[in-house]
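# Structural overview
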Number of protein chains: 4
Amino acid sequence: MNDVKPRGRPPSTAAREKALAAAHAILMEEGFGRLTVEAVAARSGVGKATLYRNWTNACELAMAALIDGVPLAQPGGETGLKAALTAQMQALVQAFATTRGRQIAMTLAAADPESEMTRAFRNRVILSSREAGRNLIIEAARCGEVPPPADIDTLLDMVYGPVFYRILAGHQPLNAVFAERLADNAVTILTAARP
Amino acid sequence: MNDVKPRGRPPSTAAREKALAAAHAILMEEGFGRLTVEAVAARSGVGKATLYRNWTNACELAMAALIDGVPLAQPGGETGLKAALTAQMQALVQAFATTRGRQIAMTLAAADPESEMTRAFRNRVILSSREAGRNLIIEAARCGEVPPPADIDTLLDMVYGPVFYRILAGHQPLNAVFAERLADNAVTILTAARP
Amino acid sequence: MNDVKPRGRPPSTAAREKALAAAHAILMEEGFGRLTVEAVAARSGVGKATLYRNWTNACELAMAALIDGVPLAQPGGETGLKAALTAQMQALVQAFATTRGRQIAMTLAAADPESEMTRAFRNRVILSSREAGRNLIIEAARCGEVPPPADIDTLLDMVYGPVFYRILAGHQPLNAVFAERLADNAVTILTAARP
Amino acid sequence: MNDVKPRGRPPSTAAREKALAAAHAILMEEGFGRLTVEAVAARSGVGKATLYRNWTNACELAMAALIDGVPLAQPGGETGLKAALTAQMQALVQAFATTRGRQIAMTLAAADPESEMTRAFRNRVILSSREAGRNLIIEAARCGEVPPPADIDTLLDMVYGPVFYRILAGHQPLNAVFAERLADNAVTILTAARP
DNA sequence: TGCTAAGCGAGACGGTACGTCCAGTCTTTTG
DNA sequence: CAAAAGACTGGACGTACCGTCTCGCTTAGCA
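Keep in mind the model is a prediction, meaning the values are calculated, not measured.

What follows concerns the relation of the copies chain B and chain A. Superposing chain B onto chain A takes a rotation of 179° combined with a translation of 0.0 Å along the rotation axis, leaving an RMSD of 0.2 Å. Here the symmetry operator amounts to a two-fold rotation axis. When the interface residues of chain B are mapped onto chain A, 100% of them again lie at the interface, so the same face is used by both copies.

Shown next as structure tokens:
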């Protein structure tokens, strides 16, 4: 077993929470560029050393702050793949068509791609909706609503990738119509699979 | 007309070129995080003041350095939309499946979205391939090869967005098969338009 | 002979005058620390190259600007060495108990002591009053009013040095009483010379 | 009382000492003009921020470096005001007839006259010898060696001012004979007081 | 109850880069 | 051909954060 009681004062969860709250507030109010370790320390009242004890740099702290609060698409009672996918995409687009969306993209771009925290952030924030979509499609295929997809990963990227593409490039708006069209086209690809 | 001869010493194109070359080298050798104005000045022998006279910050300098050197998809003599699109996507994926790809994504994420330079960078580096794809599709529709697309913007985002999605999230590799599948699915959507 | 007609556009005395005027204004309004070549160029409309053609650096330009305008003690019709010396010292103290006094001290301290311009500045601005005092004393000795001084240079330094000492150290004010006491003590030293 | 324990890491005296030593070395080897904050940081290994935490600019740093190391005139066992004063003046002249003398004058001229550090510098470096001289004279008057001086401040300025005058203007050398003559004249003024 | 280990805030430390200012030089066009 | 205009390299400025390191003070489990 590995539950040897550690000696000494235990790490303070209060400090972690205050730090995350301050980081989140700075991200929303001032943006990723202002999210410095020093600023979080000053705003939260947590010492810099404590921050470095919990996160290796400001970027990881940002990711930790952003992980909480991304609303997971609740299943919903939609009937039919198209309706369910459309609902999920609209929720996603709404969640990312905000300040937070761009902050998330910037954070991910700046993060060390090898880091453990980056992996967790990707899975929890970027790819969780993609996995939800995968489940919808697999379920629909299991029910015989659509044929089993040939390359589901590419398909998923074609549904979820455009959202981040528009956040990054900003050439077109993120809105409900866009979400619907993405879902539509996904179903088109699925059903047009050669029999 | 507004072609009054400017007085004083004209800006040195040599300085600009040296700066861009140094910036490009740093980007490729050390990454976007090391592209500081100071480093470019030191490496290029160009004064910091001259750099600030030409670009407002290191990020714009990075964009300027990245604008040159992105290979535009040459038209190619492919016959048929699917072949042409596949060829273009494979070239794009090859171009971005490198260090440069991630650097470009990071640069764009870090850039001020309102800046003039950012707009130019987006158009020249991120969206130029998208416009090439648009031309391919419009031409195919004009020839009657496919029906005229209902929402070509969403369709284009579904083709080009996934490339940047994979660069950013890194959950799946960028390779030729992926490029082909994207092109395939795009044609599927186009041809499946309601009869 | 050396009067070969110079070819080309003759040096502009107007440029020199504008430069000196601007330098003087900056010295009085903003102080010696703000007297940069760039500031003089900007304020006077004279090109930097022209300034460097006429003065080797900002400090020399400052000295040139300060040379003009120091009021030479007019002989005055005072009778008697003590009265004449007192009058002269009071005029001097009045002239240096201003912004200009401190600027002059700073300029001299910052100047290259070997430079030609520094020598001229010293002679015209710092030492001219000392020479006037020397003349007063020599004249008085010639008239038999006082014995011929043993070491007139030390005596002169004891009269004029304290003025700059107080400017530099600022431990005591420069005023008319001080000027009078200096003159008194000088006469005391002169008359107390052992016969 | 006001002895609240300071929180946080205490300032490092080692850093201060290293900085002062480096500043002093630069002053002596390269002169006041080369005493930049950057140079002190580079030479001492102390961070720039630490320097700015302790001194507001390079000039104050220079003054701090010059304060230490000015040899205070040791009382000496001279008998008689004239001998004592001569000895003190000769020591002073010897101390200032070096590179240091001019550096000190330049530093004082360049300093902000209002600053706390400037005041300390003046008192410790410029005026300390003057106060020593004041004590000699007061003591001699107390012993009945000379009459009590009418205006001791002016007298002191006439003794010590000429030293800085010669440093600044450089029209005459600083040497032992000059020191002796200053002391002589001072005693002459003192003893010639109205009977 | 006291000991001891570890986390805590605060804040100074050596650094790196920032963006600005100015020095002094060089290269244009204008008078 | 000199003056003016102004861009150039170079270097110091003073600031902001970085990530590390003492400090003195909790806050716990262990003795």
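Cross-referencing UniProt, the feature "DNA-binding region" (unreviewed entry) maps to residues 36–55 of chain A in the present numbering. When the span residues 36–55 of chain A is considered, its composition is 75% helix and 0% strand, and the gap between its end C-alpha atoms is 12 Å.

Moving on, we get to helix α4 (residues 58–67) of chain C. Residue and element names in this part refer to chain C. Of all 10 residues in α4, 10 are buried; the element is thus mostly enclosed. Ala58, Cys59, Glu60, Leu61, Ala62, Met63, Ala64, Ala65, Leu66 and Ile67 are the residues of α4 that are buried. Lining the buried residues of α4 we find α1 (13–30), α2 (37–44), α6 (99–110) and α7 (116–126). If you check the start of α4, you find a side-chain oxygen 3.1 Å away from the backbone N of cysteine 59, and it comes from asparagine 57.

Right, let's talk about helix α9 (residues 152–169) of chain B for a bit. Residues and elements named next belong to chain B. Helix length check: α9 (18 residues) gives 25 Å between terminal C-alpha atoms against 26 Å at 1.5 Å per residue, within 8%. Of all the bends in α9, the greatest reaches close to 35° and is centred on tyrosine 160; the proline proline 162 follows between one and four positions later. The buried count for α9 comes to 18 of 18 residues, which makes it a mostly enclosed element. Downstream of α9 by one or two residues, glycine 170 has phi in the positive range, about 65°.

Now for the environment of arginine 122 of chain C. All names here are of chain C. Along the chain, arginine 122 turns up in helix α7. A relative accessible area of 12% places arginine 122 in the buried class. Considered as a pair, arginine 122 and isoleucine 67 are 55 residues apart in the sequence and their alpha carbons are 9.1 Å apart.

Each partner contributes to the interface: chain D provides 35 residues, whereas chain C provides 34 residues. The three residues of chain D that bury the most area against chain C are Met158, Tyr165 and Leu168 of chain D, which together make up 22% of that side's buried surface. At the boundary of chain D with chain C, the tally comes to four salt bridges. The closest approach of N and O atoms between arginine 181 of chain C and aspartate 151 of chain D, which form a salt bridge, is 2.4 Å. If you look at where chain D meets chain C, you find 15 residue pairs in polar contact (both at pLDDT 80 or more). The set of elements that each furnish at least two residues to the side of chain D that touches chain C consists of α6 (99–110), α7 (116–126), α9 (152–169) and α10 (176–191) of chain D. Examining the composition of the side of chain D that touches chain C, we find that 12 residues originate from one element, α9 of chain D, more than from any other. Here the side of chain D that touches chain C is built from residues that sort into 21 nonpolar, six polar and eight charged.

Right, let's get into the packing of α1 of chain C against α4 of chain C. Residue and element names in this part refer to chain C. Contact geometry for α1 and α4: axes closest at 9 Å, N-to-C directions at 90°. On the basis of the axis angle, α1 is roughly perpendicular to α4. Only Leu61, Ala62, Ala64, Ala65 and Leu66 of α4 make contact with α1, whose side of the interface consists of Leu20, Ala23, His24, Leu27 and Met28. Partitioned by chemical class, the residues of the contact of α1 with α4 number nine nonpolar, one polar and no charged.

Turning our eyes to something else, we now look at the packing of aromatic side chains. Per the stated rule, a full pass over the model turns up eight aromatic pairs over all chains. Aromatic pair phenylalanine 96 of chain A and phenylalanine 164 of chain A: ring centres 5.4 Å apart, planes at 65°, arrangement edge-to-face. In this pair, phenylalanine 96 of chain A is assigned in helix α5 (residues 81–96) and phenylalanine 164 of chain A in helix α9 (residues 152–169), connecting sequence segments 68 residues apart. Here the aromatic cluster, defined as three or more aromatic residues joined through ring pairs, consists of Phe96 and Phe164 of chain A together with Tyr165 of chain B. Positioned above the aromatic ring of phenylalanine 178 of chain A is the side chain of arginine 166 of chain A, whose terminal nitrogen or guanidinium carbon lies 3.6 Å from the ring centre.

Let us now look at the interface of chain B and chain A. Contacts between chain B and chain A engage 34 residues on the former and 35 residues on the latter. Carbon and sulfur atoms supply 66% of the area that chain B and chain A bury against each other, a total of about 3200 Å² over both sides. When residues of chain B are sorted by the area they lose upon contact with chain A, Met158, Tyr165 and Leu168 of chain B head the list and together hold 22% of the total. Connecting chain B to chain A are 11 residue pairs in polar contact (both at pLDDT 80 or more). Counting residues per element, the ones that place at least two in the side of chain B that touches chain A are α6 (99–110), α7 (116–126), α9 and α10 (176–191) of chain B. Ranked by residue count, the leading element in the side of chain B that touches chain A is α9 of chain B, at 12 residues.

This paragraph deals with the arrangement of the chains. When C-alpha atoms are compared, chain A and chain C, though not in contact, are closest at a spacing of 34 Å. If you take every C-alpha in chain A and every C-alpha in chain D, the smallest gap between them is 11 Å, and the two do not touch.

The environment of DNA strand E is made up of 41 residues, and the closest members are Gly47 and Arg53 of chain A, Lys48 and Tyr52 of chain B together with Arg53 of chain D. Expressed as a percentage, the sugar and phosphate content of the atoms of DNA strand E within 4 Å of the protein is 68%. Between DNA strand E and glutamate 38 of chain B there is a distance of 2.7 Å, counted from a phosphate oxygen to a backbone nitrogen or oxygen. In this structure, a phosphate oxygen belonging to DNA strand E sits 3.1 Å away from a main-chain N or O atom of valine 37 of chain C. Counting residues per element, the ones that place at least two in the surface near DNA strand E are α3 (48–54) of chain A, α2 (37–44) and α3 (48–54) of chain B, α2 and α3 (48–54) of chain C together with α3 (48–54) of chain D. Considering only residue class, the surface near DNA strand E consists of 14 nonpolar, 14 polar and 13 charged.

Each value, and the rule that gives it
Residues numbered from 1 in each chain as written. Chains lettered and ligands numbered in written order. Predicted model: local features only at pLDDT ≥ 70, side-chain atom pairs only at ≥ 80, totals over all residues. Heavy atoms only, no water. Least-squares fit on C-alpha atoms with pLDDT ≥ 70 in both. Contact = heavy atoms within 4.5 Å. UniProt positions renumbered as here; feature names shortened; annotations may be inferred. Helix = DSSP H or I, 4+ residues; strand = E, 2+ residues; numbered from the N terminus. Buried < 20%, exposed > 50% of the residue type's maximum accessible area, 1.4 Å probe, protein only. Polar contact = N/O pair within 3.5 Å; in protein donor to acceptor, adjacent residues only side chain to side chain. Expected span 1.5 Å × (residues − 1). Bend = angle between axes of the 7 residues up to and from the residue. Buried area = accessible area lost by both parts, 1.4 Å probe. Salt bridge = Lys/Arg side-chain N within 4 Å of Asp/Glu carboxyl O. Nonpolar A, V, L, I, M, F, W, Y, C, P; charged D, E, K, R; others polar. Axes fitted to C-alpha atoms, helices over the stretch in contact; angles between N-to-C directions. Parallel < 35°, antiparallel > 145°, perpendicular 65-115°, else oblique. Phe/Tyr/Trp six-rings, centres within 6.5 Å; stacked < 30°, edge-to-face > 60°. Lys NZ or Arg CZ within 6 Å of the ring centre and 35° of its normal. Near = heavy atom within 4 Å.

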